[in-house]
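An overview of the molecular structure
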Amino acid sequence: MNTPLNNVPMAIRSVDLSSTLHAIDDLSKYPACRVYVFLGTRLLGMVDIENARQSISPARLRDAIADQLGWKLSSLLMGDHPYQPELSLIEKNVLARDTAELSRLPASVSVSIALATFDRPEQLRECLAALCKQESPRRIEIVVIDNHPSSGLTPPVVADFPGVVLVSEARQGLAYARNAGFVHSSGDIVIATDDDVIMPPDWVEQLVAPFERSDVGIVTGNVLPRELETEFQYLFEAYGGLGRGFEEFEVGPPWLRASRRRAAPTWKLGATANAAFRASVFRDPKIGLMDEALGPGMPSGVGEDTYLFYKIIKAGYSLVYKPDAYVWHTHRRDRKALRSQIYNYSKGHVAYHLTTLLRNGDKRAVFRLLVELPRTYVKRIIQRLRGHSVYPVSLILLEIRGNLAGPFTLWRSRRRVRREGRSEFPLATDARASRVE
Amino acid sequence: MVDRVKVLEIEVSQPLTGFSGLEGYNSIHGLVRSNGDPVGYIDVPLCNGYCSASAVRAVLLKTYSDKLLQLMLRRNLEAPFADPRNLENIKVADDTGNPVPADNILVTVAVCTRDRAEQLRDCLTSLTRLTYGNVEILIVDNAPGTDETRKLVLSEFPDFRYVVEPRPGLDWARNRAIDEARGEILAYTDDDVLVDPLWVGAMVRVFQDDPAVMAVTGLVAPAEMETGAQRLFERYGGFGRGFRRIWYHVDAASRADPFMHIGAGKFGTGANMAYRRSVFGKIGSFDPALDVGTVTNGGGDLEMFFRVLEEGYTLVYEPTALVWHRHRKTFRELHVQLTNHGVGLYSYFMRSARNYPRRRRDIIRFGLWWFWYWNIRRLLKSYITTPRVPRDLIVAELRGALTGMTRYPKARRRAEQIRAEYGAESTDSTTVGIPEPVRPE
């Protein structure tokens, strides 16, 4: 892991093209800078500038934006160009986003935000503060799920935010916690998020807007790094991070069954650090809640969200990725955290595929695990050795180890779930009965 | 007349035209510009001295569509995207597209020359056409053998300042310009150059935009490609350094490439460079043991680029700051020029290795690598494949490089002698044009 990364720590800044560009100062600590470019609330993309600890003048910023985001901007500029009928047609049909969409979802549709936390009172406070500033015409309910009630760290923070509901889930595991959140939410839409993010004020409105269409079951959003101060945070972004790019997309059941051989890459659809669900899907017998045997806090690592996406899309709903609904996530700073995160992702990836195989009989998982995965590793190692990537081989080996551990950890997780019991909707229709107010 | 190439400018904000009446030329080498910003070169063949507008357009679009679009965006980003769907809202600063900087900064343009009155006349004529108004033009006549230059300036360009620098050597002349200049910014050019009207304005814009910038270099395009030697020099690499604006800054604390700024030739050339005058107070003036007129025959400009970056200041390459250079016309002159390149480059390495002990290892390593990569490897390759340039030019540069490794100490002794001979500061200056030269503070 002694990769020479010249551009760490990296400063994170954002600029808005709808106002005058100013120089970016106070970069004396940073050899490089990542600038997120907005046009009003719309997030166009990002540019990286190697500024060598100097401030960045507006001219340099302009050059970088024109060079790295040129095509994106040109589609905006050319939109109504009278001499370019073909171009404007492409723009209208392919590139344009309907801005009126935001206001269409009736204000009567209520929203619950289920926030899972595990002993991080400081970050939780920041997150709750950001949530309380949401601008929305609809009723917003905030439910905090304390996944470690015996520590007593969470309740004092929640007490400072009147109206926020606290739910305790003593069974450890993020899937248990999220399920508790889904069960205790009363909104028509449930948004799942974590304690280590903060969000802009229009986040809820951006995220729920696509639910105006009845076929949409899930909306995921972009996750941006709040800081890239250490090499490990940078590597986590290089590993793929949690964001899924700046382009909107949607997938549905045909996408899931597009190939008979290859598993549909549900892990590229987003993460539950920033995802919204139609609340009714959890009572759908074909879908249900999250699989408790997957996810952080369990031996199997991750995969609870991808498996939930899988089930929901399989049941006939579509998923919309909405890059404008973004949150800023604080990646963990140290090497140990990065390694354990990557290890967990690798375990979880295998666990997820085995789950689709065992529960849904999806045989494509076999091809994925036995053919595709080994092939990607070989490719990536060759790439690294040729110097085409900065991702260290030691981490690739770690991923392989995680993959090998996957089946065993899934078995252990399942045993634990059998012991501790599954999450269920309470029999009483009033979900509020078991709440700790 | 075989294989003559016509050098032209093609401004895309004007309607494209064909070219005719160029009998005797084989093709055109056009510098494409978009509202003054250089985009790149296109080569279009001529038939009986003629090519059509559609031929030019076809080559242009094929080569530079992306680049033109990018330039348009860059310009549009200068105003906020208030309503991005409305092109009318985007203001363009003036009809050339570049916001004309407020002329509140006085720029001194220094032209160092020696006994080349004919070429100098063209150069000075081009300097009268600058769009930037607040300039002072200073001709430094370096150890003149005749008084042609003096007569030329006095009779035809009475508004320009003329000083004589008796100490022979280009860097003595450049240092004299530092002493004489009144402008906050000091731009250098040579007597074999025609400057573009936007030249000074583009440089000033970079200096204004970012107070940390201490040096700006610009694009050097060929003024003509009439002879084989001139075409060959362009093919050899020429003086141009591309069409993108580049910011250079050495970050001492980072683990980035330590060799980044040692190959100083990539930053530009002395025919087109400008400095904030205050920087010389901080890092010293040009080394008179280097450059034309001494035994080292070059390297003074490279050494200054290196020093600016090594001392932690920022240098910007701005292609819009454009000058047109008359390359040497005969093979013999080209031969001499390339030998001198070799001598100058390695003299600069020796000088920097001597003055920056902590960088010595890096400089020696880079120097050896460059010697292998540029001088030896190309020579060996020329025996295996058809070389891009004649082998004798490669050999000339190699000989220059070998000479350059030994010349600096001698040049330094000579500079010391001159200093002793003329006193620390030359006093017998002759200033005409503007009376009462105000000494810089």
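As the structure is a prediction and not an experimental result, all values here were calculated from the model.

Counting secondary structure elements, chain B contains eleven helices and twelve strands. Classification of the 441 residues of chain B by burial places 55% in the buried group. Partitioning the contacts of chain B with sequence separation of at least 6, the portion at a separation of at least 24 is 75%. Taken as a whole, chain B presents about 18,800 Å² of accessible surface, with 54% of it coming from carbon and sulfur.

Now for the pattern of salt bridges. Applying the stated criterion across every chain yields a total of 52 salt bridges over all chains. Its salt-bridge partner being glutamate 169 of chain A, residue arginine 171 of chain A comes within 3.1 Å of it at the nearest N-O pair. Its relative accessible area of 23% is what places arginine 171 of chain A among the partly exposed residues. Ionic pairing is found between glutamate 165 of chain B and arginine 176 of chain B, a salt bridge with its closest N-O pair at 3.3 Å. Here arginine 176 of chain B lies in helix α4 (residues 170–180) and glutamate 165 of chain B lies in strand β6 (residues 161–165), a separation of eleven residues in the sequence. With respect to class, glutamate 165 of chain B is no different from arginine 176 of chain B; both count as buried. Taken together, the shared-partner salt bridges in this structure form one network comprising Glu136, Arg161, Glu165, Arg167, Arg176, Glu180 and Arg182 of chain B.

In this section: unusual backbone geometry. For arginine 53 of chain A, which is not a glycine, the phi torsion comes out positive at approximately 65 degrees. Along the chain, the position of arginine 53 of chain A falls in the loop between β3 (42–49) and α1 (58–68). The phi dihedral of alanine 143 of chain B falls on the positive side, at around 45 degrees, and the residue is not glycine. Tracing the sequence through the fold places alanine 143 of chain B in the loop between β5 (135–142) and α3 (148–156). Assessed through its relative accessible area of 21%, alanine 143 of chain B is described here as partly exposed.

All names here are of chain A. The buried count for strand β2 (residues 32–39) comes to eight of eight residues, which makes it a mostly enclosed element. Residues Ala32, Arg34, Tyr36 and Phe38 line one face of β2 and the alternating positions Cys33, Val35, Val37 and Leu39 line the opposite face, and both faces are buried. Where β2 meets β3, seven bridges bridge the pair, whose relative direction is antiparallel. Following the sheet pairing, phenylalanine 38 is matched in β3 by leucine 43. Here β2 folds back onto β3, and the loop between the two strands holds two residues, one of which, glycine 40, carries a positive phi near 65 degrees.

This part is about the sheet that holds strand β1 (residues 10–16) of chain A. Residues and elements named next belong to chain A. Spatially, three strands are ordered β1-β2-β3 in an open sheet, and the strand pairing comes out mixed. Only two strands of the sheet have a single partner each, and these edge strands are β1 and β3. Geometrically, the sheet is characterised by an average inter-axis angle of 20 degrees between neighbouring strands, direction not taken into account. Of the strand pairs in this sheet, β1 and β2 are connected by seven bridges, and their pairing is parallel. Bridge pairing links isoleucine 12 to arginine 34 in β2. Strand contacts of α1: β1, β2 and β3, with the helix running at about 110 degrees to β3, the strand carrying the most contacts.

Let us now look at the nonpolar core. Val109, Leu124, Leu127, Tyr188, Trp199, Tyr275 and Phe280 of chain B are the most contacted members of the largest nonpolar core, which has 106 residues in total. Among the domains, domain 1 (5–89) and domain 2 (107–422) of chain B are the pair contributing at least three residues each to this core. By size, the runner-up hydrophobic cluster in this structure holds 90 residues, among which are Val251, Leu269, Ile313 and Tyr352 of chain A.

Residue and element names in this part refer to chain B. At a minimum axis separation of 8 Å, helix α6 (residues 228–235) and helix α9 (residues 331–355) run at an interaxial angle of 30 degrees. Accordingly, the angle class assigned to the pair α6 and α9 is roughly parallel. Relative to α9, α6 is oriented so that their crossing is right-handed. Contact residues: Gly228, Ala229, Leu232 and Phe233 in α6; Phe331, Leu334, Gln337, Leu338 and His341 in α9. Broken down by class, the residue content of the contact of α6 with α9 amounts to six nonpolar, three polar and no charged.

The subject of this paragraph is the sheet that holds strand β2 (residues 27–34) of chain B. Residues and elements named next belong to chain B. Read across the open sheet, the three strands follow the order β1-β2-β3; overall the sheet is mixed. The sheet terminates laterally at β1 (5–11) and β3 (37–45), the two strands that pair on one side only. Adjacent strand axes in the sheet meet at a mean angle of 25 degrees when their direction is disregarded. Here β1 pairs with β2 via seven bridges, running parallel. Looking across to β2, one finds that leucine 8 is bridged to glycine 30.

Bringing α4 of chain B into the picture now. Counting buried positions over the eleven residues of α4 of chain B gives ten, a clear majority of the element. For α4 of chain B, the complete set of buried residues consists of Leu170, Asp171, Trp172, Ala173, Arg174, Asn175, Arg176, Ala177, Ile178 and Glu180 of chain B.

Here the focus is a nonpolar patch on the surface. Residue and element names in this part refer to chain B. Judged by side-chain polarity, Trp369, Trp372, Tyr373 and Leu380 come together as a nonpolar surface patch covering roughly 420 Å² of accessible area. With respect to the helices and strands, leucine 380 occurs in helix α10 (residues 360–384). Since its relative accessible area comes to 45%, leucine 380 is described here as partly exposed.

Let us look at helix α12 (residues 364–385) of chain A. All names here are of chain A. Compared with the 32 Å implied by 1.5 Å per residue over 22 residues, the 31 Å span of α12 between its first and last C-alpha is a close match. In α12, a bend of some 35 degrees at glutamate 372 exceeds every other bend along the element, and proline 374, a proline, comes one to four places later. Here α12 has its buried residues at Arg364, Ala365, Phe367, Arg368, Leu369, Glu372, Leu373 and Tyr377. Those residues of α12 that are buried are in contact with α9 (253–256), α11 (335–360) and α13 (393–420). Looking one or two residues past α12, glycine 387 carries a phi angle of roughly 85 degrees, positive in sign.

Moving on: the confidence of the model for chain B. Residue and element names in this part refer to chain B. Residues of chain B with pLDDT of at least 70 account for 89%, and the chain-wide mean is 86. Low pLDDT (under 50) marks residues 82–97, which in the prediction has 22 contacts with non-local residues, meaning those over four places away or in another chain. For residues 426–441, every residue scores under 50 in pLDDT, and the model assigns this stretch 38 contacts once sequence neighbours within four places are set aside.

Residues and elements named next belong to chain A. A grouping of Arg412, Arg415, Arg418 and Arg419 is seen on the molecular surface, where their side chains present a positively charged patch. One can find arginine 419 in helix α13. Here arginine 419 falls in the exposed class, since its relative accessible area comes to 60%.

Residues and elements named next belong to chain B. What the rule picks out here adds up to 37 aromatic pairs over all chains. The ring of tyrosine 25 has arginine 4 lying over it, and the distance from NZ or CZ to the ring centre is 4.3 Å. The positively charged end of arginine 378 is found above the aromatic ring belonging to tryptophan 374, 3.7 Å away from the centroid.

Residue and element names in this part refer to chain B. Burial of β5 is extensive: seven of the eight residues sit out of reach of the surface. Bridge analysis of strand β4 (residues 107–113) against β5 gives seven bridges, and the strand direction is parallel. Within β5, the position partnered with cysteine 112 by the bridge is valine 140. For the crossover from β4 across helix α2 (residues 117–127) to β5, the handedness is right-handed. By the bridge criterion, five bridges tie β5 to β6 in an arrangement that is parallel. When the bridges of β6 are listed, valine 140 appears paired with valine 163. Between the parallel elements β5 and β6, the chain passes through α3 in a crossover that is right-handed.

Here the focus is the state of the cysteines. Scanning the entire structure with this criterion turns up zero disulfides over all chains. There is no disulfide at cysteine 132 of chain A, and the cysteine sulfur nearest it, in cysteine 127 of chain A, is 9.4 Å away.

Conventions we followed
- Residues numbered from 1 in each chain as written.
- Chains lettered and ligands numbered in written order.
- Predicted model: local features only at pLDDT ≥ 70, side-chain atom pairs only at ≥ 80, totals over all residues.
- Heavy atoms only, no water.
- Helix = DSSP H or I, 4+ residues; strand = E, 2+ residues; numbered from the N terminus.
- Buried < 20%, exposed > 50% of the residue type's maximum accessible area, 1.4 Å probe, protein only.
- Contact = heavy atoms within 4.5 Å.
- Areas by Shrake-Rupley, 256 points an atom, 1.4 Å probe, with all protein chains shown as cover.
- Salt bridge = Lys/Arg side-chain N within 4 Å of Asp/Glu carboxyl O.
- Pairing = 2+ DSSP bridges.
- Axes fitted to C-alpha atoms, helices over the stretch in contact; angles between N-to-C directions.
- Core = buried A, V, L, I, M, F, W, Y, C linked by side-chain atoms within 4.5 Å.
- Domains from an automatic or database assignment.
- Parallel < 35°, antiparallel > 145°, perpendicular 65-115°, else oblique.
- Left-handed = near helix turned anticlockwise from the far one by under 90°.
- Nonpolar A, V, L, I, M, F, W, Y, C, P; charged D, E, K, R; others polar.
- Patch = residues over 30% accessible without salt bridge, like charges linked within 9 Å, V, L, I, M, F, W, Y side chains within 5 Å.
- Expected span 1.5 Å × (residues − 1).
- Bend = angle between axes of the 7 residues up to and from the residue.
- pLDDT = per-residue confidence, 0-100.
- Lys, Arg positive; Asp, Glu negative; His and termini not counted.
- Charge placed at Lys NZ, Arg CZ, Asp CG, Glu CD.
- Phe/Tyr/Trp six-rings, centres within 6.5 Å; stacked < 30°, edge-to-face > 60°.
- Lys NZ or Arg CZ within 6 Å of the ring centre and 35° of its normal.
- Right-handed = clockwise from strand over helix to strand, strands pointing away.
- Disulfide = S-S within 2.5 Å.

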